[in-house]
Every structure is written in structure tokens, then in C-alpha cells.
Amino acid sequence: MKNKIIEGYLRNFIQEHGNFGETSNDIIFEHLINYLIIKKDYIDEFEISELHTDKGNDLGIDGIAILINDFIAYTYDDVDYRINEQFKGKDLKIDFVFIQSKTSEKFDSGEILKFFNGVKEFFDPSGLTYNEKVQDFMEAQNHVFEYSSRFSENPNIKLYYASLGSYKAPTDLEAIKNKAKQDLNNYSLFDTIDIKYMDTKDIMSIYKDVELRIGKEAEIQRTIAFPAAEKIKDAYLGIIPIKNYIKLITDNNNNLIRTLFYENVRDYQGENPVNKEIIETINSDHQKYFGFLNNGITIVAKDLIKSGEKINIKDFQIVNGCQTSTIIYNNKDAFKDDAFITVKIIGTDDNGIINSIIRATNRQTEVKPEAFESLSNFHKELEDFYNHFSANEIDKIYYERRNKQYVQQSIPKTKIITLAAQINSYLSMFKNQPHSTHRYYGELLKANKIFLKDDNLYPYYTSAYSMYKLEQLFRDNELENQYRSFKYHILMKLRNNISGDYNLHSNNKRNIQYCNKILKEVNSDNFLNICKNICLEIDTIKNNFQGHSNSKLQRLKDFTNQLLDKKKHKPVYISKNKGLKVIRKAKDIMYNKTE
């Protein structure tokens, strides 16, 4: 790898996420590209290693992601949960993403053909040998197409081939790409087919989009400055031409920057009655009234500089206006030059003010209860507890109530605990639910009594800190990477092996004693041995589940129960009628063809 900038990206990536048990920079680079491509558009947390197809019999594909209504599914069970529970009765938007990455400076036509043919094999199998991870993805894909009657439109498919060269669009490689696109189109499975060659400049661009602070210049007309207020740096109200606003919310490839809306408590709700009415207005003679009929956009920026009618904003997010922004983007070609919308830009880095703005500006329409969870007083107290608990800076961790809360501080990502990470750690360690951590956090909140006002804060901190220390062992290669997919099970067993079984209750003193016993061992020299012994226990229980992949085991409640119970268990085998024993062609499933 000759490019010093990419080498720097890779070093930083390894520092933050570990090397996934790999010594080859080529393989770690594959993980980096998988992470960047998915992270750019995916707003939830995900396990980077789950995207990777492993080595050997991988169809020439390095990374795969299946997204159902913008939520990732890796396995059959993930698909089943997303479709039949999380999005039960709803239309389905499906996206398939395939990635191949090379550290070579050459765009090799042979490798590219192998990649494109591998994707075709994924949907139209001919009976080749596939590794376990690829089989899991193919089984998941088959299950997706079983619900084709609920597709809002046919799935979208994206192929990325990344290399550290400079792509000049040579005729032969463009012809290979066009042929692959035509072949995929002939399956009649996909609504849109996007194939992209990524060179060094593309990788640098996407890295900046994902890892660095978002900065844009907004041209706002007829601005009015708000009066000065404590903790507000600057604030302006004005109107912005729609075509300028589209530039504000899109990247260099004219794609919507979905991460701008992460703070928005209402993700896009599809074509509900209100949104349909907005779309009708845009596509009619009434478009000229669009700016008068819409409530406008609210933007919060940590850095804000005004110069004439231009405002430079950094670290900004749209905290109100997700519905409007998505509709504007989806109908961008319909807008005339005179279309406008009102915008409010508030410059502040005070988290309390930002949370108040989020609450106030999102009360006018239906909002899911979990959207406001992290804004409650309990989470403010938990954040303060984190800040005052750690005895030394080396092992200090930080609770992030609000996304990118610490972006302007030099805090490693490994030390930042998100709301989702806190929920998963707590439920695994103290509620024996490691098999539930793949579920949507809003459903976990509904199903479990957590974050109650009288709850003791020690167990929440203890679970998060223990996970931080466990992840450290994986990053330092002291624990084998194969056990990383069972990290929440290890967390559960840590508590069980160190402090024994115990139900948390209102006796705060006893809760603290119980947690301190765990923390003492987690900080001891014996911590690694404890974790290694738990890994041996996992291996023993895995023998009772012959035929199940790690991805499936980590989601099985029976596996969790056997790991907790020291009694002998009968083996559990996959039914001959369940699982991917026979991989079917996607078109046969979608169009109800029988074998």
C-alpha cells in the first residue's frame, strides 16, 4: 500500500476497531471499505465483521449487506424478525449491497469479472461451494424474496469495486460494467442497478463524509438575526431556494446525506396522507405556495459563520424537517427555480439546548416514544455518573446521549457508549438477553423495564464498562476474533461467573456491592483468563448445536439458556426442512416457480 493517506486511514481504523484477528492489511482494508460504504448511508449501529464474507469460497465478494427499510439483516432469522415483527404489515423497501476491495493500484479486469459473476451467482446459483457466511446471506436473500408481495417496489442493488488506483473509465472496464448491469437487469428482480468503480479519490471522499465533520455553505436570503441568548452563539431565520437546499443535503454524487437526519426523531414515514399531500403540491401549479404551506426546516450547527447571504455551517444536523427534506430530494427534478422554503439555523454546542430544540420542534406530529428516551432526566444523570465515576483518564468512558455529542473533543470512539450500546450491554449482563441484541432498540425498550427513574445507575455503568474492557481484549488480539460475535454472551457469563445470579432490586447498597465485585475482576489481571474460560464454555455448548452458524447461534434463546445452565443438554440439530440446505434462485421465489 503506497498511498500514505490511505495508510493513515487504515491505522486509525485499526486503532478504533481492532484488526479483526487479521495480520494482513489487505483483509483489514476490506473491512475498512465495507465499513465506509455502509456507514455513509446507514444511520444505526452495526457489527463491521458481520458484513465480511470471510476467506475462501466467497464468490469473489468481500462484503454484503441486505437492508430492509434501511435496517440491516445478515441472516434468515434477521430477515424474519425485520419483516414479521419490526415491520409487520408494512410495505418493504429492499436494498442489496455488494463490495469488493483491492489494495492494488490496478483495476484488474479478471478480478472485476469474478466479482460481477459472484453477484450473479448469489441470485442465480449454479451449485458452487459457498462458505458459511455466504450461505447465511444467500439464505437471508431467499427469505426476503418470499415476501415479494409486500415490496413497495423491486429491490435496489448496488455493486462497489474499490481499488487504490486512479480510474480513467477505460472502454474495456466500462463494457464489463455495462454487461454486468444488463445481466442483472435480465433477472427482472431489481428496480435500480448501480455499479460503481471506486478509486483512491473516491475512498478519500467517502472517508471524509463518514469520519470528519460535515461542513457546508448555505445561501440564505432575507435573513433575520435572533436576539442574543445565553448558550446560543448565533441564530438566523431566512428563506433558502429549494435548489440551494438540495445542495445542502446531498453529497458530491448528488446522494442524500441521510446521516444529517440522525438527530431527527422522526425518520421518513413514507407516503402517508400528509406526505402525499406535500408531493401533490410539488407536482402541481400550487408549487409556488410550497414555502408558505410548509413549516420549514430547523438546523442546529456547532460552528456557524455568516458572511453576507452566505452562512458557513459545520457539525450541523437537521433536527426538524426530515419528512420535508426527503420529499424535496425525491422530487428534486420537479422544482422550479423560484421555489423556496423557510429555514432556521441555530448555532450552539450546548447539549441541553439542543435536546430542548429537538423536543420542541418535533411535537406537532406523531413521534415514537423511544425517540425522546435519551432526552430524559435519567440519561442526563447517567451521563453525569459516567463523568464522575472513572478514577483515571485511561479507562474513562463517556455516555453519549446525543449522536456526535463528543465530535469536537479528542475522545476515542472506543470510549463512547451510545444509547443502543448501553441497552444491549445492560440487557445482556443483567437481564440475560444477549440473543435479543440484534433487535431494534425501540422494541427492546418497550419489552423491558429499563431506565426507570428509581433504577440504580451502577449496573448500567458496570455493563457498559465491562463491554468496553471486553472489546479492548478483542482489539488487542488477546481474545480470538471468532468469539467476537458472542461478545454479549460473554458479558452475561462474566456477571454469572464472577458474582453469581442476582436480581437487581431497590436495595441500592447491595446492588453497588454486587457491581463492584464485577468491576474489581474486570480491572484485574485475571480478567483475560475469565474471558478465555467463558469462550471454552461457548465452544462446549456449540457442540450441542451442530449445523448452526455463529450468526444463528448468537440469536437463539436456547443457546443462551444452555450457556447459563451448567446441566447437561441434549444436542439441537437443524431440521432438514429448515435452513439453506437447498439454495433457490431468487427469480423462482419471487415469481412463485416450483422446483
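The paragraphs below set out a description of the structure included in this document.

**Describing the overall build of the chain**
Looking only at helices and strands, one finds 23 helices and 13 strands in the chain. When burial is assessed residue by residue, the chain has 56% of its 595 residues classed as buried. Partitioning the contacts of the chain with sequence separation of at least 6, the portion at a separation of at least 24 is 73%.

**Focus on the nonpolar core**
Soluble globular proteins tend to pack their nonpolar side chains together in the buried interior. In terms of nonpolar packing, the biggest core is built from 82 residues, with Phe-96, Phe-98, Phe-123 and Ile-157 touching the most fellow members. Broken down by element, the residue count for this core peaks at eight residues, all from helix α2 (residues 25–41). The residues contacting Phe-98, other than those within four sequence positions of it, are Ile-61, Gly-63, Ile-64, Phe-115, Val-119, Phe-122, Phe-123, Ile-157, Lys-158, Leu-159 and Tyr-160. Listed in part, the 56 residues of the second largest apolar core include Ile-397, Ile-423, Met-429 and Ile-450.

**Things to note about the pattern of salt bridges**
Think of it this way: side chains of opposite charge can pair up when their charged atoms draw near. Using the criterion set out here, one finds 27 salt bridges in the structure. When the shortest N-O distance is used, the salt bridge between Arg-555 and Asp-78 registers 2.4 Å. With Arg-555 in the loop between α21 (550–553) and α22 (557–564) and Asp-78 in helix α4 (residues 76–86), this pair connects stretches of sequence that are 477 residues apart. Each member of the salt-bridge network shares a partner with another, and the members are Glu-47, Glu-471, Arg-484 and Lys-487.

**As for the side chain of His-143**
Mapped onto the elements of the fold, His-143 is located in helix α6 (residues 132–145). At 2.9 Å, the side chain of His-143 and the side chain of Asp-80 are in polar contact.

**Structural notes on the packing of aromatic side chains**
Tallying each qualifying case throughout the model produces 37 aromatic pairs. Ring centres of Phe-430 and Tyr-514 lie 6.4 Å apart, and the angle between their planes is 55°; this geometry places the pair in the tilted category. Here Phe-430, found in helix α15 (residues 419–431), pairs with Tyr-514, found in helix α19 (residues 508–522); they are 84 residues apart in sequence, far enough to count as distant. Accessibility expressed as a relative area gives 8% for Phe-430, which makes it buried. The structure contains a cluster of three or more aromatic residues connected by ring pairs, namely Phe-96, Phe-98, Phe-122, Phe-123, Phe-145, Phe-151 and Phe-190. Its guanidinium or amino end placed over the ring of Tyr-236, Lys-306 lies 5.8 Å from that ring's centre, counting from NZ or CZ. Above the ring of Tyr-329, the side-chain terminus of Lys-332 is found at 4.1 Å from the ring centroid.

**Remarks on the sheet that holds strand β3 (residues 94–102)**
Pairing is mixed across the open sheet formed by five strands, whose spatial order is β2-β1-β3-β4-β5. This sheet does not close on itself; its edge strands, each paired only once, are β2 (71–73) and β5 (192–198). The sheet shows a mean angle of 20° between the axes of neighbouring strands, direction not considered. As defined by bridge partners, strand β4 (residues 156–163) adjoins β5 across seven bridges and the pair is classed as parallel. Paired with Asn-156 across the two strands is Thr-192, which belongs to β5. Contacts from helix α5 (residues 109–123) reach β1 (63–68), β3, β4 and β5, with the element oriented near 155° to β4. The sheet contacts of helix α7 (residues 171–185) involve β4 and β5, and relative to β5 the element is tilted by about 155°.

**As for unusual backbone geometry**
The bulk of non-glycine residues show a negative phi, and the bulk of peptide bonds are trans. Phi at Asn-69 is positive, roughly 50°, even though this residue is not glycine. Within the secondary structure layout, Asn-69 lies in the loop between β1 and β2. Phi angles above zero are rare outside glycine, and Ser-188 is one such case at about 55°. Its place among the elements puts Ser-188 in the loop between α7 and β5.

**Structural notes on the packing of α2 against helix α8 (residues 200–211)**
One can describe the packing of α2 onto α8 by two numbers: an axis separation of 9 Å at closest approach and a directional angle of 60°. Relative to α8, the element α2 is oriented oblique. Handedness of the crossing formed by α2 with α8: left-handed. Of the residues in α8, those in contact with Phe-29, Ile-33, Tyr-35, Leu-36, Ile-37, Lys-39 and Lys-40 of α2 are Ile-203, Ile-206, Tyr-207, Asp-209, Val-210 and Glu-211.

Criteria and cut-off values
Residues numbered from 1 in each chain as written. Predicted model: local features only at pLDDT ≥ 70, side-chain atom pairs only at ≥ 80, totals over all residues. Heavy atoms only, no water. Helix = DSSP H or I, 4+ residues; strand = E, 2+ residues; numbered from the N terminus. Buried < 20%, exposed > 50% of the residue type's maximum accessible area, 1.4 Å probe, protein only. Contact = heavy atoms within 4.5 Å. Core = buried A, V, L, I, M, F, W, Y, C linked by side-chain atoms within 4.5 Å. Salt bridge = Lys/Arg side-chain N within 4 Å of Asp/Glu carboxyl O. Polar contact = N/O pair within 3.5 Å; in protein donor to acceptor, adjacent residues only side chain to side chain. Phe/Tyr/Trp six-rings, centres within 6.5 Å; stacked < 30°, edge-to-face > 60°. Lys NZ or Arg CZ within 6 Å of the ring centre and 35° of its normal. Pairing = 2+ DSSP bridges. Axes fitted to C-alpha atoms, helices over the stretch in contact; angles between N-to-C directions. Parallel < 35°, antiparallel > 145°, perpendicular 65-115°, else oblique. Left-handed = near helix turned anticlockwise from the far one by under 90°.

Interpretation note: all reported values are geometric properties and have no functional meaning in isolation.
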